[in-house]
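What follows is the residue order along each chain.
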Amino acid sequence: MTDDVRNIVLGVIAAGISASLGWLARTYLWRRKLRRKQVFLGLPTNSESLLVVNREAGGNGAVHRYDVFALLELAALIKDCGAHAQILSHDVAQQGFGERTEYCVGGPGSNRRTTAHLHSLLPGVRINTDAEPGPDRAAFQIGSERYRLEPGVAEYVLLARLTVGQDARPVFLFCGQRAITNQAATRYLARNHERLARKHGSNGSFCLLLKVVNSQAYGPDVVEEIADVTRAAQSPLPAPRTSHRATT
């Protein structure tokens, strides 16, 4: 074997080793990234999850189109993790939490399951569900702060990841003042899950208040994180004062 042939053979072998090492490194990093995503989203490979569907507020049982888009955003995340989803209507999802990861879409005005989760897991949140128009319609009260709806201009949504035990699967809430804010929250999760996992921990609980800015022009795409309201949302609100008329 001449020196030229030997050099060519050695070059081919070196290139093959380098390509193999590069492929192994990329595969390792991809799998590690996937595992972190699966842990944060509560979606191990081949696991079962629950998508709880709301109804259009004031409607006849139909799902608002923006909530359908929200479900599609979540379905894509679940598929990417190699997990499976069961879709249930909010009024038939009668089971506890922690056994399966749950994604619950919609506010208490359209989703009974959300109402139960707020009562049990976020007692510091009150949402005005009055059907009559007024300045406080759909307003959020979180602790001592109130956040009013300005349709199409400034609309709020809660994005929460909640757990009830070390080994329990999480519950994700997408609780908005309008249907378009629910989609905005699911899209925010899809785009920012890596950052949220780094900030709050892969198994941590949190409740974020997001603001959807100028949805009449930008749809669900422009979202601002207003505050981490976890502590206030998990602290029960004081009971309303009752007055007693003195008797003689």
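Located above this text is the structure these notes cover.
This structure is a prediction, so every number in the text was calculated from the model and none was measured. Here, residues in each chain are numbered from 1, in the same order as that chain's written sequence. In keeping with the predicted nature of the model, local features appear solely for residues at pLDDT of at least 70, side-chain atom pairs appear and are counted solely at 80 or more, and the whole-chain, interface and lining totals rest on all residues. Just so you know, side-chain values use all the structure's heavy atoms and leave hydrogens and water out.

## Structural notes on the packing of aromatic side chains
Pairs were defined over the aromatic rings of Phe, Tyr and Trp, the Trp ring being its six-membered one, requiring ring centres within 6.5 Å. Orientation was assigned from the angle between planes: stacked under 30 degrees, edge-to-face over 60, tilted for the rest. By the definition in use, this model includes 5 aromatic pairs. Ring centres 6.1 Å apart and planes at 75° place the aromatic pair F40 and F172 in the edge-to-face group. One end of the pair, F40, is in helix α1 (residues 3-41); the other, F172, is in strand β8 (residues 171-176), with 132 residues separating them in the sequence. When the centroid spacing of 5.3 Å and the interplanar angle of 55° are considered together, the rings of Y147 and Y156 count as tilted. Type-normalised accessible area, obtained with a 1.4 Å probe on protein chains alone, sets the label of each residue: buried when under 20%, exposed when over 50%, and partly exposed for intermediate values. In this structure Y147 comes out as buried when scored by relative accessible area, which is 16%. Judged by its relative accessible area of 12%, Y156 is buried. The rule is short: NZ of Lys or CZ of Arg within 6 Å of the ring centre and within 35 degrees of the ring normal puts a charge over the ring. Its guanidinium or amino end placed over the ring of Y66, R65 lies 4.5 Å from that ring's centre, counting from NZ or CZ. Secondary structure elements are taken from DSSP: a helix is a run of H or I of four residues or more, a strand is a run of E of two residues or more, and numbering for both begins at the N terminus.

## Observations regarding the nonpolar core
By convention a nonpolar core is built from buried Ala, Val, Leu, Ile, Met, Phe, Trp, Tyr and Cys residues, the set being connected through side-chain atoms within 4.5 Å. Counting 28 residues, the largest nonpolar core has L41, Y103, L159, F174 and L189 as the members making the most contacts within it. When residues of this core are traced back to their parent elements, those giving at least two are α1, β1 (48-53), α2 (65-80), β3 (101-105), β7 (154-162), β8, α4 (179-200) and β9 (206-213). It is α4 that provides the largest number of residues to this core, a total of 6 residues. Contacts are assigned to residue pairs with any non-hydrogen atoms lying within 4.5 Å of each other. Here F174 is in contact with L74, Y103, C104, V105, G106, V157, L158, L159, N182, A185, T186 and L189, once residues within four sequence places are set aside. Counting 23 residues, the second-largest nonpolar core is a separate cluster that includes I142, Y147, C175 and A233.

## Quick look at the sheet that holds strand β2 (residues 84-89)
Pairing within the open sheet is mixed, and its 7 strands lie in the order β2-β1-β3-β8-β7-β9-β10. Both edges of this open sheet fall to β2 and β10 (223-228), since each of them pairs with a single strand only. Pairwise comparison of adjacent strand axes, ignoring direction, gives a mean angle of 20° for this sheet. Bridge count between β7 and β8: 6 bridges; the pairing is antiparallel. Two strands pair under a simple rule: DSSP has to find at least two bridges between them. To get an axis, a line is fitted to the C-alpha atoms, and for a helix only the part in contact is used. The angle between two axes follows their N-to-C directions and goes from 0 to 180 degrees.

## A short note on the side chain of S47
Structurally, S47 is set in the loop between α1 and β1. In contact with S47, not counting residues within four places along its chain, are G42, A83, H84 and R169.

## As for the pattern of salt bridges
The term salt bridge refers to a pairing of a side-chain nitrogen on Lys or Arg with a carboxyl oxygen on Asp or Glu at a separation within 4 Å. Applying the stated criterion across every chain yields a total of 11 salt bridges. The residue R178 makes a salt bridge to E155 at a minimum N-O spacing of 2.3 Å. Remark: E155 occurs in strand β7 and R178 occurs in the loop between β8 and α4; sequence separation between them is 23 residues. R187 is paired through a salt bridge with D221; the nearest N and O atoms lie 2.5 Å apart. One end of the pair, R187, is in helix α4; the other, D221, is in the loop between α5 (215-218) and β10, with 34 residues separating them in the sequence. Here R187 falls in the buried class, since its relative accessible area comes to 18%. In this structure, a network of salt bridges that share partners links the residues E73, R187, R191 and D221.

## A short note on α4
A turn of α-helix holds 3.6 residues, and therefore any two residues three or four places apart point the same way. Between its first and last C-alpha atoms α4 spans 26 Å; for 22 residues at 1.5 Å apiece the expected length is 32 Å, and the helix comes up short by more than 12%. In α4, a bend of some 75° at N192 exceeds every other bend along the element. Within α4, 16 of the 22 residues are buried, leaving the element largely enclosed by the surrounding structure. One or two positions beyond α4, positive phi appears at G201, with a value near 90°. Multiplying 1.5 Å by the helix residue count minus one yields the expected span of that helix. A residue's bend is simply the angle between two axes: one fitted to the seven residues ending at it, one to the seven starting at it.

## Comments concerning the side chain of T101
By secondary structure assignment, the location of T101 is in strand β3. Since its relative accessible area comes to 0%, T101 is described here as buried. Any pair of N or O atoms that falls within 3.5 Å is considered a polar contact. Within protein, one atom must be able to donate a hydrogen and the other to accept it, and sequence-neighbouring residues count only if both atoms are side-chain atoms. A distance of 2.4 Å separates a polar atom in the side chain of T101 from the backbone oxygen of G42. Not counting residues within four places of it along the chain, the set of residues in contact with T101 comprises L41, G42, L43, E48, S49, L50, R169, P170 and F172.

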